[in-house]
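# Fold and contact review
Each chain, letter by letter, is given below.
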Amino acid sequence: SQDPLVIFTPSGKRGRVPRGTRVLDAARRLGVDLDSVCGGRGICSKCQVTPGSGQFLKHGLHVAQDALSPWNAVEARYDELRGLAPGRRLGCQAVIESDVVIDVPPESQVHRQVVRKEAAQRDIRMDPATRLHFVEVPEPDMHEPSGDLERLAAALAAQWQIGPLDVPLPVLARIQPALRAGKWRVTVAVHRDHGEGPARLVDIWPGLHEDGIYGLAVDLGSTTIAAHLCDLDDGRVLASAGIMNPQIRFGEDLMSRVSYAMMNPDGDAEMTQAVRRAIDTLAAQIAVDAEVDPRAIVETVFVCNPVMHHLLLGIDPVELGQAPFALATSGALSLAASELDLSAINPAARSYILPCIAGHVGADAAAVALSEDPFAQEALSLIVDVGTNAEILLGDRNGVLACSSPTGPAFEGAQISSGQRAAAGAIEALRIDRETGMPRFRVIGCPLWSDEAGFEEAVGAGGITGICGSGIIEAVAEMRMGGLLDASGLIGSAAQTGCDRLVPDGRTHSYVVHDGRPDGGPLITVTQGDIRAIQLAKSALYAGARLLMDERGVDRVDRVVLAGAFGAHISPLHAMVLGMIPDVPLDKVTSAGNAAGTGARIALLDREARGRIERDVRRIHKVETAIEPRFQEHFIAANAIPHATAQFPELSR
Ligand code: FES
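From a predicted model like this one, the values you see are computed outputs, not experimental measurements.

## A short note on the overall build of the chain
Regarding its fold elements, the chain presents 17 helices and 29 strands. The principal-axis extent of the C-alpha atoms belonging to the chain is close to 95 × 65 × 55 Å. Looking at the chain as a whole, 47% of its 653 residues qualify as buried. For the chain, long-range pairs separated by at least 24 residues make up 67% of all intrachain contacts whose partners lie at least 6 apart in sequence.

## Some remarks on the packing of helix H8 (residues 363-372) against helix H15 (residues 595-605)
Between H8 and H15, the shortest axis-to-axis distance is 7 Å and the interhelical angle comes to 75 degrees. It follows that H8 is roughly perpendicular to H15 by the angle criterion. Side by side, H8 and H15 meet where Asp 364, Ala 367, Val 368, Leu 370, Ser 371 and Glu 372 of the first sit next to Ala 595, Ala 596, Thr 598, Gly 599, Ala 600, Ile 602 and Ala 603 of the second. For the contact of H8 with H15, the per-class residue count stands at 8 nonpolar, 3 polar and 2 charged.

## Quick look at the environment of Arg 421
Relative to the elements of secondary structure, Arg 421 occurs in the loop between strand E20 (399-405) and strand E21 (426-432). The class of Arg 421 is partly exposed, set by 16 C-beta atoms lying within 10 Å. Put simply, Arg 421 and Gly 469 are 48 residues apart on the chain and 7.3 Å apart in space, counted from C-alpha to C-alpha. With residues up to four places along the chain from it excluded, the contact list for Arg 421 reads Glu 412, Gly 413 and Cys 468.

## Topic: helix H10 (residues 469-481)
Residues that lie three or four places apart on an α-helix share one face, since the helix turns once every 3.6 residues. When the terminal C-alpha atoms of H10 are compared, their 18 Å separation across 13 residues agrees well with the 18 Å that a helix rising 1.5 Å per residue should span. Among the 13 residues in H10, 12 count as buried, and that is most of the element. Those residues of H10 that fall on the buried side of the exposure criterion are Gly 469, Ser 470, Gly 471, Ile 472, Ile 473, Glu 474, Ala 475, Val 476, Ala 477, Glu 478, Met 479 and Arg 480. Once H10 ends, the next one or two residues include Gly 483, with phi positive near 75 degrees.

## So, the nonpolar core
Ranked by size, the top nonpolar core spans 167 residues in total, and within it Val 218, Ala 366, Val 384, Ala 402, Ile 427, Val 476 and Ala 603 carry the most contacts. By residue number, the principal contributor to this core is helix H12 (residues 528-552), which donates 11 residues. With near-sequence residues (within four places) excluded, Ile 427 lies in contact with Phe 441, Val 443, Ile 464, Ile 467, Cys 468, Gly 471, Val 513 and Ile 524. One finds Phe 8, Val 49, Leu 68 and Ile 96 within the second-largest nonpolar core, a separate group that totals 20 residues.

## So, unusual backbone geometry
Cis geometry marks the peptide bond from Thr 9 to Pro 10, where omega comes out at 0 degrees. Note the cis peptide between Ala 323 and Pro 324, where omega equals 5 degrees. Among the secondary structure elements, Pro 324 is positioned in the loop between helix H7 (306-313) and strand E16 (333-336). For Asp 266, which is not a glycine, the phi torsion comes out positive at approximately 65 degrees. Assessed through the 11 C-beta atoms surrounding it within 10 Å, Asp 266 is described here as exposed.

## Digging into the sheet that holds strand E24 (residues 502-505)
Overall, antiparallel pairing links the 3 strands, which are arranged E24-E25-E26 in an open sheet. The sheet is open, and its two borders are formed by E24 and strand E26 (523-526), each paired with just one other strand. Strand-to-strand twist across the sheet, computed as the mean angle between neighbouring axes with direction ignored, equals 50 degrees. Where E24 meets strand E25 (residues 508-515), 4 bridges bridge the pair, whose relative direction is antiparallel.

## Overview of the environment of Arg 185
Residue position: Arg 185 is located in strand E10 (residues 185-191). Classification of Arg 185 as partly exposed rests on a count of 18 C-beta atoms within 10 Å. Considering only alpha carbons, one finds Arg 185 and Ala 365, 180 residues apart in sequence, at a separation of 44 Å.

## Focus: the packing of H12 against helix H17 (residues 629-637)
Across the interface, H12 lies against H17 with an axial gap of 8 Å and an inter-helix angle of 130 degrees. Regarding the angle of H12 to H17, the classification is oblique. Note that H12 runs across H17; the crossing there is right-handed. Packed against H12, whose contacting residues are Ser 539, Ala 540, Tyr 542, Ala 543, Arg 546, Leu 547 and Asp 550, the element H17 presents Arg 630, Phe 631, His 634 and Phe 635 at the interface.

## Re the confidence of the model for the chain
Residues at a pLDDT of 70 or more form 96% of the chain, whose mean pLDDT is 90. Both confidence scores are given for the complex: pTM 0.83, ipTM 0.98.

## Points about the pairing of E20
Most of E20 is tucked away, with 6 of its 7 residues classed as buried. Sheet topology note: the strand E19 (residues 390-396)/E20 ladder contains 7 bridges and is antiparallel. From the neighbouring strand, Ala 390 faces E20, where its bridge partner is Ser 405. Linking two consecutive strands that pair antiparallel, namely E19 and E20, is a turn of 2 residues. Both E20 and strand E29 (residues 620-622) contribute to a ladder of 3 bridges, which runs parallel. Across the sheet, the residue bridging to Val 400 is Ile 620, located in E29.

## So, the domain arrangement of the chain
Interface size, as often reported, equals the accessible area lost upon joining of the parts. Parsing the chain into structural domains produces domain 1 (5-108), domain 2 (113-206), domain 3 (214-353), domain 4 (371-409 + 533-652) and domain 5 (418-526). Here domain 2 and domain 5 have C-alpha centroids that lie 59 Å from each other.

## Considering the sheet that holds E21
Ordered by their spatial adjacency, 3 strands build an open sheet running E22-E21-E23, and the pairing between neighbours is mixed. Single-partner strands in this sheet number two, and they are strand E22 (439-443) and strand E23 (466-467). Bridge analysis of E21 against E22 gives 5 bridges, and the strand direction is antiparallel. Residue pairing for E22: Ile 432 is matched across the bridge by Pro 439.

## Comments concerning the environment of Val 37
Take Val 37: it is sitting in the loop between helix H1 (23-29) and strand E3 (48-51). Look at Val 37 and you get partly exposed, because 19 C-beta atoms sit within 10 Å. Expressed as a C-alpha distance, the spacing of Val 37 and Arg 131, which sit 94 residues apart in the sequence, is 8.5 Å. In this structure Val 37 touches Cys 44, Lys 46, Leu 132, His 133 and Phe 134, once residues within four positions along its chain are discounted.

Definitions and limits used
- Residues numbered from 1 in each chain as written.
- Predicted model: local features only at pLDDT ≥ 70, side-chain atom pairs only at ≥ 80, totals over all residues.
- Helix = DSSP H or I, 4+ residues; strand = E, 2+ residues; numbered from the N terminus.
- Buried ≥ 20, exposed ≤ 12 C-beta atoms within 10 Å, placed from the backbone.
- Contact = placed C-beta atoms within 7 Å.
- Axes fitted to C-alpha atoms, helices over the stretch in contact; angles between N-to-C directions.
- Parallel < 35°, antiparallel > 145°, perpendicular 65-115°, else oblique.
- Nonpolar A, V, L, I, M, F, W, Y, C, P; charged D, E, K, R; others polar.
- Expected span 1.5 Å × (residues − 1).
- Core = buried A, V, L, I, M, F, W, Y, C linked by C-beta atoms within 7 Å.
- Pairing = 2+ DSSP bridges.
- Left-handed = near helix turned anticlockwise from the far one by under 90°.
- pLDDT = per-residue confidence, 0-100.
- Domains from an automatic or database assignment.

Below you can see the structure in the form of structure tokens.
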């Protein structure tokens, strides 16, 4: 009679296989994604499936009760020791007897999807570079004098088609004890790059290693270093943490760090050491937070701007401080984490650093491109990652342009008289009554507005401490909308505007947001100097975006994506009133959250995505703002609020 028909769900892959075929073998033959760490020995339970799903019955397929063989001794033993959930079978033990539908649950799929929190985009596909494999290695034999490593390598090649194998010294020393303790059965963590190149042995454990292995996605910013610890088996983020970049003591912004390197012998080495140490500390801390063994962190991925990139790698960034802004290397890098002095994690852990786009547009912008994937968009998207430097991408499936624009730290609350970083106590949202000119605001860490009952108690002991980036943007835009500020950015007087929150301040005026002095708190004002700092920052951002639009030959974009931790908190309306971003329907302005961090996470979990971004960055056309005269023209015209000449029809809707 005919061979049995097997249909796998959810893939829908189907085919006939000889009676007596193991489900795992059928899956492999039909190209179905079914996981296995132990290679079919009935001990890892990664291959679990659920037979007999009824959904294909309507197609006339008759599924017999005994379509799969009954439990064998291995399965029975597994169930006795660990317990198999009702209806579940081990795919490596169950044998196909007749027509059957077999469901592969998400946790048994090798390339399962990780749902991104920022739901707007597609999910992350799991294909980490480092995976676990269980191997049985022949015992040594006096008549066959090969080494333990050689027999392990041969077993890996035979059982998992892995090789040739590269073995770092610290792992070599662990092979003999692991083989003996595991009675010649071991689990190995093997790293394979997405391209060519050898497989690398990262670690080895006796028997079946049941604890997980983890990866760290690091967004190395000039101000903060943020990291996510991810489970390399299922892609979950187990912990996230951030610390200040200790290089701040060598210079607040990137250019001052470049000058520090130029002025001080060994200045670059000092900064390299500081940042590497901070990453090591962060890695150790995050492992504690997630309650995992730091040694189980076997991979790290870095995204950063070009200056941070060079300083992380121990390369003097001096060339990045002057035209033509040549990078030491723009390509992606795959190296041993120990080369970056990361000692808190697994000694044989690997590091991957995303490619840079150009001398001013770094691996962080590449990570944003990986996360937001403008190449896949029908709509012309303007993606801005707002930080001390704004990284700007403009494009769609026909091509992508990129530039960076020196916005300065004003958007992060720095260089603002009452400014502070976004932290508890900072005013993050602000409205001004059009009639009275009175402010009402919200403070980070408190859900109430300042004019709501219970606000004082809710703010708590720390009180109101200052104003952060999103707060200052809203303040300036609200002042403009309330007529307290003219289009040139000049603050009016109380007499001119009828608003008694405007007080003389030297030869100019300031707007009083909050006067905490009676209670020993701060006086929080928006000064003329603050307005000028925001005007400079927003003009730089707008000019960068306009330059890319000129280059592309368009007057409008279809959508704007605000990326970055800060972008997540900007109100689209206020950003547009200020003229930070070009005119676009407000519902076409979205926030992508920390897109660079998400890009790092994608590169950590999906090897194939590394290949994709390496190809894509070569297709991104870089526009250099520093040497482009039109940038200056756009910059000056954008100084007015919202703009000297550009129209913002969406604002009058
Ligand atoms: Fe490991 Fe089936 S493949 S238990």
